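So you can see what is in the structure, the chains are spelled out below.
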Amino acid sequence: MFVKILGSGAGGGFPQWNCNCANCRAVRAGAPGFLARTQSSLAVSAEGANWVLLNASPDLRQQIAQTPQLAPSYDDGVRASPIKAVVLTNGDVDHISGLLNLREAQAFSIYAANRVLDVLAGNRIFDILVPELVARIALPYDEDVALAGAGVDLGLSVKAFPVQGKIALYLEDKSAADFGTKVGDTLGLEITETRTGRSFFYIPGCAKIDEPLAARLTGASLVFFDGTLYHENEMIEQGLLGKTGSRMGHVNMSGEDGSIRAFERLGVARKIYVHINNSNPALDASSKERAAANAAGWEIGEDGMEVRL
Ligand code: MLT
Ligand code: MN
Ligand code: ZN
């Protein structure tokens, strides 16, 4: 099974268009140790020919252009794409708006929780993906669902499970304590290759590593995990946004409740941070935060990184 990080950045990417934080300035200036990152998405293939995208970022057009495997083959018909399916983990802008890049009357399948399918149904711009060609399939929880699209069996299955998270930012109900968040607003995914039984987890948004999640991930061979912020208060301290990591629905890398600490006892063979926000000090390859994450066995995801499982 082939897994490729199309975009390792969080919403806004790195650098973010309107951000002048120290990291964004450094990456714009080409400073050593800083790599630009597009927004959050992975591509997966069992055999290397047909692919499923995990989330569709606003940078998808650029990501496809930078990824030869996602271009039509020379021998294909005049309209063709190896992208046969897209699985969505939530309804945030950085994860669904790339669907609009997949217009032009091409058949594929969209898999998502009902809560996220409702978001697509409620926004008529997504009707550009006509139902006759683009199937919308509701994901049940904790069941393996075979992935297919445009009449092609991908040789992969997805098991979706709710994780702690938050409703999409633009749908927040500010008068509700949890902003109107419901089960299914944030999913984790386990992708399994049918032929070999090999599997990995993809959890780009997660507010808390609770016991059921810790149990599920124990002994996993590969996990791509929410690396949005390093410190709970880094956005506030850098003067960027008056929000903590918790308020944004993302567990931090550091701290007693952080992901570095929580994964210490899980025995995960390979763990890679994705959905990394531009404010995160671990983006600087020479930072003490990068060194601490690496020392704890974490890799900092990069665009174009490939894992063969
Ligand atoms: C998030 O991950 O918190 C969202 O992508 C925020 C946003 O929509 O900008
Ligand atoms: Mn996001
Ligand atoms: Zn920035």
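Analysis parameters
- Residues numbered from 1 in each chain as written.
- Chains lettered and ligands numbered in written order.
- Predicted model: local features only at pLDDT ≥ 70, side-chain atom pairs only at ≥ 80, totals over all residues.
- Heavy atoms only, no water.
- Near = heavy atom within 4 Å.
- Polar contact = N/O pair within 3.5 Å; in protein donor to acceptor, adjacent residues only side chain to side chain.
- Nonpolar A, V, L, I, M, F, W, Y, C, P; charged D, E, K, R; others polar.
- Donors = N, O, S within 2.8 Å, 3.2 Å for Na, K, Ca; no water.
- Tetrahedral: all angles 85-135°; square planar, octahedral: opposite > 155°, others 65-115°.
- Buried < 20%, exposed > 50% of the residue type's maximum accessible area, 1.4 Å probe, protein only.
- Phe/Tyr/Trp six-rings, centres within 6.5 Å; stacked < 30°, edge-to-face > 60°.
- Helix = DSSP H or I, 4+ residues; strand = E, 2+ residues; numbered from the N terminus.
- Pairing = 2+ DSSP bridges.

Visitor: Honestly, the site of ligand 1 in this entry has me stumped. Any pointers?
Guide: Around ligand 1 sit Asp 92, Asp 94, Leu 169, Met 248, His 250 and His 275, and that is every residue in its neighbourhood. Between ligand 1 and His 250 there is a distance of 2.9 Å, counted from an oxygen atom to a side-chain nitrogen or oxygen. Classifying every residue of the shell around ligand 1 by side-chain character gives two nonpolar, two polar and two charged.

Visitor: Before we go on, may I ask you to explain the coordination of the zinc ion (ligand 3) in this structure?
Guide: Where a metal carries four tetrahedral donors, each ideal angle is 109.5 degrees; where it carries six octahedral donors, the ideal angles are 90 or 180 degrees. Around the zinc ion (ligand 3), the protein contributes the donor atoms Cys 19 (SG), Cys 21 (SG), Cys 24 (SG) and Asn 278 (OD1), at 2.2 to 2.3 Å from the metal centre. One can describe the site at the zinc ion (ligand 3) as tetrahedral: its four donor atoms subtend angles covering 103 to 116° at the metal. Site description for the zinc ion (ligand 3): donor spacing in sequence, C-x1-C-x2-C-x253-N. For the pair formed by Cys 19 and Cys 21, the shared burial category is buried.

Visitor: So what exactly am I meant to see when it comes to the packing of aromatic side chains here?
Guide: Any aromatic ring pair is given by two values, namely how distant the centres are and how the planes are angled relative to each other. The full count for this structure, using the stated rule, is six aromatic pairs. Ring geometry for Phe 225 against Phe 263: centres 5.1 Å apart, planes inclined by 65°, an arrangement best described as edge-to-face. In this pair, Phe 225 sits in strand 11 (residues 223-226) while Phe 263 sits in helix 8 (residues 259-263), placing the two residues 38 residues apart along the sequence. Under the relative-accessibility criterion, Phe 225 is labelled buried at 0%.

Visitor: So what exactly am I meant to see when it comes to the pairing of strand 3 (residues 51-54) here?
Guide: A regular strand carries its side chains on alternate faces of the sheet. Side chains of strand 3 alternate between two faces, with Trp 51 and Leu 53 and Val 52 and Leu 54 buried alike. As paired elements, strand 2 (residues 41-45) and strand 3 share three bridges and run antiparallel to each other. Bridged to Leu 42 within strand 3 is Leu 54. Connecting strand 2 to the next strand, strand 3, in antiparallel fashion are five residues, including Gly 48 with a positive phi near 95°. In the sheet, strand 3 pairs with strand 4 (residues 83-87) via four bridges, with the strands oriented parallel. Its bridge partner lying in strand 4, Trp 51 is registered against Ile 83.

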